[in-house]
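# Coordinate analysis (summary)
So the chains spell out like this:
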Amino acid sequence: MTEIRPYGDATDDGLVQLSFTLPVGASERGRQAALELAKKMGFARPQVVHMDGMGPDYTLFIVYGSTTHTIDPDLVEVRERDFPLISPPEVNRVIRESLKRQLVVVGACTGTDAHTVGLDAILSMKGFAGDHGLEYFHEIRVVNMGAQVTPQEIVETVKQESADAVLVSQVVTQRDAHILHLKEVREALEAAGQRDRLILVGGGPRFSPEQAAELGYDRVFGRGTRPSEVAAYLAWAATKRLPAAVGL
Amino acid sequence: MTEIRPYGDATDDGLVQLSFTLPVGASERGRQAALELAKKMGFARPQVVHMDGMGPDYTLFIVYGSTTHTIDPDLVEVRERDFPLISPPEVNRVIRESLKRQLVVVGACTGTDAHTVGLDAILSMKGFAGDHGLEYFHEIRVVNMGAQVTPQEIVETVKQESADAVLVSQVVTQRDAHILHLKEVREALEAAGQRDRLILVGGGPRFSPEQAAELGYDRVFGRGTRPSEVAAYLAWAATKRLPAAVGL
Amino acid sequence: MKADRRFVRPLGRLRVDEDALEECRELAAQIAAPLEELARTHTTNSIERASLRLAGVDGVEGSGTEAIPIPNRVIEEVAAILGLERGVLIPFWNAVESGTGDVIATAKAIASREVLPSWPEGAQFDAALTRAWREAALAVDTIAAAAEKRRSAIAAVGEAEKPWLYLIVATGNIYEDIPQAQAAARNGADVIAVIRSTGQSLIDYVPYGPTTEGFAGTFATQENFRLMRQALDEVGEELGRYIRLTNYASGLCMPEIATMAATERLDMMLNDCMYGIIFRDINMQRTFIDQHFSRMVHALAGIVINTGEDNYLTTANAIDAAHTVLASQFLNERLAFSAGLKPEQMGLGHAFEIDPEVPDQILLELAHAQLIRECFPDAPLKYMPPTKHMTGNIFLGFLYDGMFNLVGAVTGQDIILLGMLTEGSHTPFLSDRHLALENANYVFGGAAGLAGEMRFEPGGQVERRASQVLEECRQMLQKVGDIGMFEAIEAGMFADTVRTRDGGKGLDGVVRRDAAYCNPVAELLTQRLGVA
Amino acid sequence: MKADRRFVRPLGRLRVDEDALEECRELAAQIAAPLEELARTHTTNSIERASLRLAGVDGVEGSGTEAIPIPNRVIEEVAAILGLERGVLIPFWNAVESGTGDVIATAKAIASREVLPSWPEGAQFDAALTRAWREAALAVDTIAAAAEKRRSAIAAVGEAEKPWLYLIVATGNIYEDIPQAQAAARNGADVIAVIRSTGQSLIDYVPYGPTTEGFAGTFATQENFRLMRQALDEVGEELGRYIRLTNYASGLCMPEIATMAATERLDMMLNDCMYGIIFRDINMQRTFIDQHFSRMVHALAGIVINTGEDNYLTTANAIDAAHTVLASQFLNERLAFSAGLKPEQMGLGHAFEIDPEVPDQILLELAHAQLIRECFPDAPLKYMPPTKHMTGNIFLGFLYDGMFNLVGAVTGQDIILLGMLTEGSHTPFLSDRHLALENANYVFGGAAGLAGEMRFEPGGQVERRASQVLEECRQMLQKVGDIGMFEAIEAGMFADTVRTRDGGKGLDGVVRRDAAYCNPVAELLTQRLGVA
Ligand code: B12
Ligand code: B12
Ligand SMILES: Cc1ncc(COP(=O)(O)O)c(C=O)c1O
Ligand SMILES: Cc1ncc(COP(=O)(O)O)c(C=O)c1O
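Residue positions are given per chain, counting from 1 as you read along its sequence in written order. Here chains are named by letter from A upward and ligands by number from 1 upward, in the order in which they appear as written. Local features in this predicted model are restricted to residues whose pLDDT is 70 or higher, and side-chain atom pairs enter the listing and the counts only when it is 80 or higher, whereas totals over whole chains, interfaces and linings include all residues. Side-chain numbers come from the whole structure's heavy atoms, not from hydrogens or water.

## Looking at the site of ligand 3
Residue and element names in this part refer to chain C. We call a residue near a molecule or strand whenever a single non-hydrogen atom of that residue lies within 4 Å of it. Near ligand 3, the surroundings consist of Arg 196, Ser 201, Tyr 248, Ser 250, Leu 270, Asp 272, Tyr 275, Arg 280, Gly 308 and Asn 311. Contact between ligand 3 and Arg 196: an oxygen atom at 2.9 Å from a side-chain N or O atom of the residue. Here a polar contact means two N or O atoms within 3.5 Å. Within protein one must be a hydrogen donor candidate and the other an acceptor candidate, and residues neighboring in sequence count only if both atoms are side-chain atoms. Taking Arg 280, its side chain carries an N or O atom lying 2.8 Å from an oxygen atom of ligand 3. Residue burial considers only the protein chains on display, and all accessible areas are found by Shrake-Rupley using a 1.4 Å probe. Coverage of ligand 3 by the protein chains reaches 89% of its 390 Å² of free accessible surface.

Below, the structure is given as structure tokens:
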């Protein structure tokens, strides 16, 4: 494939819709400022189709323009899934064979986040989008700590249950709360010398896979994750990462 | 004032909403392509909040990102109105005094364009947005040729009526029809040696003032023009441009 | 979502004044009579060209969209030498009979002036006449066959559920139109309309072949019709749902385009008794004569016509002019009836165009839509979305379209033309159409059931508004009845637009029929349809 | 647009089973009885802190949002030395009387352990008691004065027309919140809610002073209340429309926040008898005790409470769980009544949360909303927009919000919380709020009149669905009545969430009252409100 551009109603017309607010009044000057800004973004012949004053100091602009940028989809870096999407029975088998015991998973929404639906979707028997959650796997033991759990509480539970994996959920992202809180959990586990013997997994609607590294997590999952993916990953990671599995 | 950025929910957060279609499938690769394209436009931390496959070959993306571009509203070039917005009685007086007769205006929608509402808004007694149209001014004589008038027909009428001003409307802009058709009228008038003795004015929702030069028009008016502006402009132009007025 | 729509036409929701209704229909009949008479006693160059096309005359002289079609050349020659008062068919078949016998060749020969058309006498005349009737019979059979073909195609792939979602493609390039139309069908569109290039309506010939250059629309040519029909049949099979194709039998070539539509099995045609007059400044006599012939073709071909009352509200105020829409519908209904169209072929148009700033806008639209539903219980109404008040605010615009869909759903409108959130700025993007379908699927899926459920307070605002509109319509038709249709249009009673009897384009193509006028095609159409 | 809204509460549209309704109310009373008893016989550290605050104790030890408020320190000392069984007021006023006589100074002294709280005897006791009663009377007067102040403020600037458009600000920074709230009011908002920072509900003290750092919300502090109240009074004057301020009397500090709200003249408070239990895992005993005290304060301050049933549908299925919303409303109604709240102060909550993919979603929402309207004819219902099924598709989302507004309009909901097209992705932008107001102004302007007009087919789908929900609610309340409230929650009967009687946060703050328990503030509240 080659360089492509957005498609409005003809191939390569490059047409894009934008909307944004500027801290200016709804005036000809404001309109020109919006157009200039669009040009800086690389839009040719931008059109302000709507200018809506929100009080004297802010104005909403709706703009259409033809972007001068192009992209080659074949050249974008897509991290392919590096683990096989095996079926539930397979997951159970792999865990049994590698660990010779149940895999213990501790899950929690940390920080001030009380959004449990996402974590429950992954953990609970009920599951999500037709998949059962981890509780459904007899080779996985799930400890769901629920919402607003502190890093310390997680560390203690991890020790008590001698957990193999920790699943942390973060839904609230304002002011990067999700980044902050995920890191706090990792640090607490490190401080307790637990980090390295664990599979550490994060998740939430605003995470994308590539963030794992910066967070110091083994893996993070984003919007629309299916429980089966997570189960398959854990089984795979169990064979790869766990001391128990690699026989230490 | 200084450089400003778009405002989402905090000063300078730079947040902008975009939507566009890419000729790719709704896949992780497609999502990454959309993100990369957004980065090329200068968006930091772009998020694809919605990816909607439209058949196998096209996908709609809705993206939010924080633009790295800024703009200084005080530095954008805004062409200030160079004629005074005088009242109807004033308009009549100015014309009477400069021309010593009525100003003759010929108006038409040219090319294949049948959108007469805009032109009628400017010309008709009824007017637009509370303003009366040019027919309301007793010092202006209006010849409204209606829709789908050819450049030749315009030239003939201009001669017959020995018009002082020609008002051309273009609403359909697909494939730049409006640019094309406005130029055709100018060329026809030039060919007939009429152009220079006329005030040549264009208008339509997708024109902006700065386009006058490239079109070879004395002035073009855009979306939401008020008849009173046009009248004031004509009176001003009459004193400035017309041979009659400058006593040739 | 679609599968869950249970379409009902809610009736008896408003206590409509049956007598007023009755009177409106009588007035419409009275107003239409002279127009029907006009059509019976006149022909036009386009009707004659249409008759030639049905005889198999086709092709062009020259190339590109400016190339002149052979039918036009033949007419020109006949007109120049014999005049059109007696029609083109006798001289043409005479030329064929007395010449090579080949239709196309003969037509080309006339076009190139190798053969001069003449009016035959005696035996020659009889030969031409017999041939003309034989060919006319075949022609009329092909038209009727279209209805049959459609029936079996629907039986084969399956019928689309109502309401039919109607979408427009308008790239100007038939080869861009096709994938977009197919994509739309896959996303749920039931009807595809290919909008014509601006200006086609004013050219007095039909361009030829596949076209790729149009302004805000694609030229209506027989080849473009064929290509799109084929593409939609394919996608229809794939979807197990017959996808309808629509174009415009409108403008100066109304009759010819109608025959092309019949031949290529189009399903619906924009076809209004006044649109050309008001919105294209086409001469009124020309229009009333052409629309009659074109409607007979549509009637026999089983084509549903879509009338254009919705357009009135793009220039006039949707509240003040609400009754003019209704009045025009009664006239369109009558002129459709007298051309042999069945009620189920009368896609009467109306629109959701009240200024959103007006208090109770939604309530008023509901009243208008319900009233029209009750006035025309058997017509597949075509409901048009907001356009006039659509601005660059695409979010609010998308919501207006949603409220339009809702009113359409609860009042049981049959054909829903989907609004575009970008109506205020540009012709639809691929994604605009996609979002429009998501909008419609949500609203119809979520509210279809309400059509059977909803009632209005007797004597309430909805009912009061409805009867007011009906009464204003009755009074308007009375006035039109008194002064006559021509005077009414000259007085600007429709869409605030003034047109004169002899003004506008195309009057030169209107010809009063001579006693000797002979057009077996027209004759047979009237016979088959049992109309005068 | 607003000026054109004629607000009506449509009633008698569904033939609701009056006996079932009656029975639901009786069952609610029976279920509530033990909870009312629990509240009468217990206190909590937050109730005692609230009583101290009303006595004028304020300020913090330390700085920042972690600084510990003096009321908390005093409680800790009293609890440590004397226990809270007899309440904090006697020991506190005793310390004041027998000390410097200065309230703040004495509180600080107790906090810094310079003064050790003790239980006075004899004359000392009488002195403390007398002072406690005198101060309590003043305190309760201030609370009552809030209602009076509001009345005169409304009389002065003018009342907002219903429905009240309710908008959320949530920047985390009070100084960003203020301009955004004012902008919202200028664009048509009638009620401003300042969302709290996530997590505040779980801290067992109220942060102090103006705050600029919160996650997805701004801390509820008395100073933030004051600043926003002032800002809204200003803009209200400018607009000639009283702008209401809302916050959350919810979480571990419910009673204290209620008193702060009264003092700073907030107008509405999110305050639910179960929300904390289910959505914040706060201990159920603690919650039921706290909500009673906080509701007495609201009652006297003329504050409208907003209950949180809408939240159930964010975790449970909006169709299957529709009756749980209604059941919870009957319980909230009863527990509001027994705390002295008038029907016009009961902003019972519900929501438009049915999956848009569900056939007839809009019809079903209409049935739910109309049923609730008819069950609580005098309550200012709080109607919540779609959240759960809002995705990143902001266009469709904007349309869902429009349909929500429409259902709200035709069913006469009083308080409309405006949906945000970006609900699926981020906390509202300034422009999201602006668009939400344009959406609401369009829909309410365009459809308000329908509330008076619309009827539903007797025995039709709308009516059938409504009676089904009422019946399921009756059965649920019967079940809860049989097993009791605690068991019902332990069985996960509300919002699919299981909580245990002794689990969750804050049980340690629950204290059974001793025979010698003395809290003149609580006493006077019950007397003034005439509740047990
Ligand atoms: C339901 C809901 C609530 C419920 C939560 C009930 C509960 N017990 O969870 C209630 C009503 C309590 C609530 C409250 C609040 N909410 Co809320 N809420 C939502 C809502 C409507 C849906 C979220 C949801 O359930 N999604 C469905 C699940 C299945 O999707 P998910 O969470 O993305 O999870 C999937 C993936 O992300 C992934 N995943 C998630 N976690 C994990 C973990 C692991 C280990 C893995 C592998 C995968 C994984 O897998 C899941 C399945 O695919 C969203 C808006 C929306 N439509 O998204 C707002 C939203 C999330 N809420 C929001 C806010 C701000 C709040 C409040 C803070 C507002 C306030 N101040 O009052 C409060 C306080 C809550 C708190 N303290 O955290 C914001 C967050 C904004 C932001 N980006 O920062 C949102 C986006 C709404 C908005 N636009 O403002 N909320
Ligand atoms: C009304 C209307 C029609 C009516 C026109 C009736 C009539 N007699 O005018 C009808 C129904 C006939 C119609 C038909 C078509 N229309 Co049309 N129509 C519109 C609509 C809904 C409103 C336009 C309007 O009246 N605006 C109100 C006036 C007052 O505003 P205005 O034109 O901008 O004029 C103001 C200024 O621009 C300025 N101005 C304009 N002209 C001039 C001239 C001078 C000299 C000056 C000084 C100022 C000036 O002053 C005016 C007052 O402020 C728009 C959609 C929309 N909401 O905008 C589509 C729209 C303009 N139509 C469109 C199209 C494509 C068509 C068709 C070609 C579709 C088709 N193929 O069937 C047809 C064919 C028409 C043709 N041959 O040109 C497109 C144009 C797309 C584009 N940008 O190219 C639009 C934008 C809809 C869309 N999104 O697809 N249309
Ligand atoms: C009846 C009718 N004919 C034709 C058209 C299209 O215009 P044109 O004739 O320019 O193709 C319309 C537009 O809506 C219409 O309603
Ligand atoms: C009754 C009630 N309390 C509180 C909240 C807000 O949550 P938090 O307690 O985290 O501020 C809500 C949210 O909708 C609610 O309905």
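## Side note on the relation of the copies chain C and chain D
The two chain copies are related to each other by a rotation about an axis together with a translation along it. Overlaying chain C with chain D gives an RMSD of 0.0 Å, the required rotation being 180° about an axis along which the chain moves by 0.0 Å. Such a combination of turn and shift is consistent with a two-fold rotation axis. In terms of C-alpha distance to the rotation axis, chain C has C:Arg455 as its closest residue, with the C-alpha 2.4 Å off the axis. Here 100% of the interface residues in chain C have copies in chain D that are interface residues too; the copies meet face to matching face. When the copies are overlaid, the least-squares fit takes in C-alpha atoms only where the residue has pLDDT of at least 70 in both copies. Between two residues, a contact is recorded if the distance between any of their heavy atoms is within 4.5 Å.

## A word on the sheet that holds strand E9 (residues 346-347) of chain D
Whenever strands of a sheet pair, they do so through backbone hydrogen bonds, lying parallel or antiparallel. A pair of strands is considered paired only if DSSP assigns at least 2 bridges between the two. The helix count covers DSSP runs of H or I at least four residues long, the strand count covers runs of E at least two residues long, and both are numbered beginning at the N terminus. Strand order in the open sheet formed by 9 strands is E9-E8-E7-E6-E5-E4-E12-E11-E10 (chain D), and the pairing between neighbours is parallel. Strand pairing shows two members of the sheet lacking a second neighbour, E9 and strand E10 (349-351) of chain D, which therefore form its edges.

## Focus on the environment of A:Asp12
All names here are of chain A. Looking at the element boundaries, Asp 12 is found in the segment before strand E1 (15-22). Residue class for Asp 12 comes out partly exposed when judged on its relative accessible area of 40%. In this structure the C-alpha to C-alpha distance between Asp 12 and Ser 66, which are 54 residues apart in sequence, comes to 9.2 Å. In this structure Asp 12 touches Arg 5 and Pro 6, once residues within four positions along its chain are discounted. Think of it in three bands: residues with accessible area under 20% of the maximum for their type are buried, residues over 50% are exposed, and the middle band is partly exposed, with areas taken using a 1.4 Å probe on protein chains only.

## Here we look at the site of ligand 2
Contacts to ligand 2 come from 45 residues, most closely from B:His115, B:Thr173, B:Thr225, C:Ile195 and C:Glu423. Lying at an intersection of chains, ligand 2 is approached by residues of chains B and C. Within the backbone of C:Met390, an N or O atom sits 3.1 Å from a nitrogen atom of ligand 2. Elements with a minimum of two residues in the shell around ligand 2: helix H3 (117-123) and strand E6 (165-169) of chain B together with helix H10 (275-280) and helix H12 (312-315) of chain C.

## Considerations on the interface of chain C and chain D
With 43 residues of chain C at the contact, the number on the chain D side is 43 residues. A 1.4 Å probe defines the accessible area here, and the buried area is the portion of it lost by two parts on being joined, summed over both. Across the chain C/chain D interface, buried area totals approximately 3,600 Å², and carbon plus sulfur atoms make up 66% of it. It is C:Phe395, C:Tyr442 and C:Glu453 that lose the most area in chain C upon contact with chain D, and together they represent 22% of the buried surface on that side. By definition, a salt bridge exists where a carboxyl oxygen of Asp or Glu is found within 4 Å of a side-chain nitrogen of Lys or Arg. Counting across the chain C and chain D interface gives 2 salt bridges. Seen at the junction of chain C and chain D, the total is 23 residue pairs in polar contact (both at pLDDT 80 or more). Residue assignment for the side of chain C that touches chain D shows that the elements contributing at least two residues are helix H14 (361-375), helix H15 (394-410), helix H16 (430-447), helix H17 (450-453), strand E13 (454-456) and helix H18 (461-483) of chain C. In terms of residue count, the dominant contributor to the side of chain C that touches chain D is H15(C) (9 residues).

## A closer look at the nonpolar core
Definition used in this section: a nonpolar core is a set of buried Ala, Val, Leu, Ile, Met, Phe, Trp, Tyr and Cys residues joined via side-chain atoms within 4.5 Å. The biggest cluster of nonpolar side chains holds 395 residues, and the ones touching the most others in it are C:Met274, C:Phe288, C:Phe494, D:Met274, D:Phe288, D:Met485 and D:Phe494. The contact partners of D:Phe288, leaving out residues within four places of it in the chain, are D:Leu35, D:Leu38, D:Ala39, D:Cys273, D:Met274, D:Ile277, D:Leu335, D:Met485, D:Phe486 and D:Ile489. Counting residues in each nonpolar core, the second largest holds 38 residues, with A:Leu22, A:Val24, A:Ala33 and A:Ile71 among its members.

## Observations concerning the side chain of A:Gln170
All names here are of chain A. Within the secondary structure, Gln 170 sits in the loop between strand E6 (165-169) and helix H5 (177-191). Take Gln 170: its relative accessible area is 1%, and that puts it in the buried class. In this structure the side chain of Gln 170 is engaged in a polar contact, spanning 2.9 Å, whose partner is the backbone oxygen of Thr 110. Ignoring anything within four residues of it in the chain, the contact list for Gln 170 reads Thr 110, Gly 111, Asp 113, Ala 177, His 178, His 181, Leu 182, Gly 203, Gly 204, Pro 205 and Phe 207.

## Structural notes on the interface of chain B and chain D
In this assembly, 13 residues from chain B lie in contact with 15 residues from chain D. Where chain B abuts chain D, roughly 1,100 Å² becomes buried across the two surfaces, and 59% of that area is made up of carbon and sulfur atoms. Ranking the residues of chain B by area buried against chain D places B:Tyr7, B:Asp9 and B:Tyr64 at the top, with a combined share of 46%. Inspection of the chain B/chain D interface yields 5 residue pairs in polar contact (both at pLDDT 80 or more). Sorting the residues of the side of chain B that touches chain D by element identifies strand E1 (15-22), strand E2 (43-54) and strand E3 (58-67) of chain B as the ones contributing at least two each.

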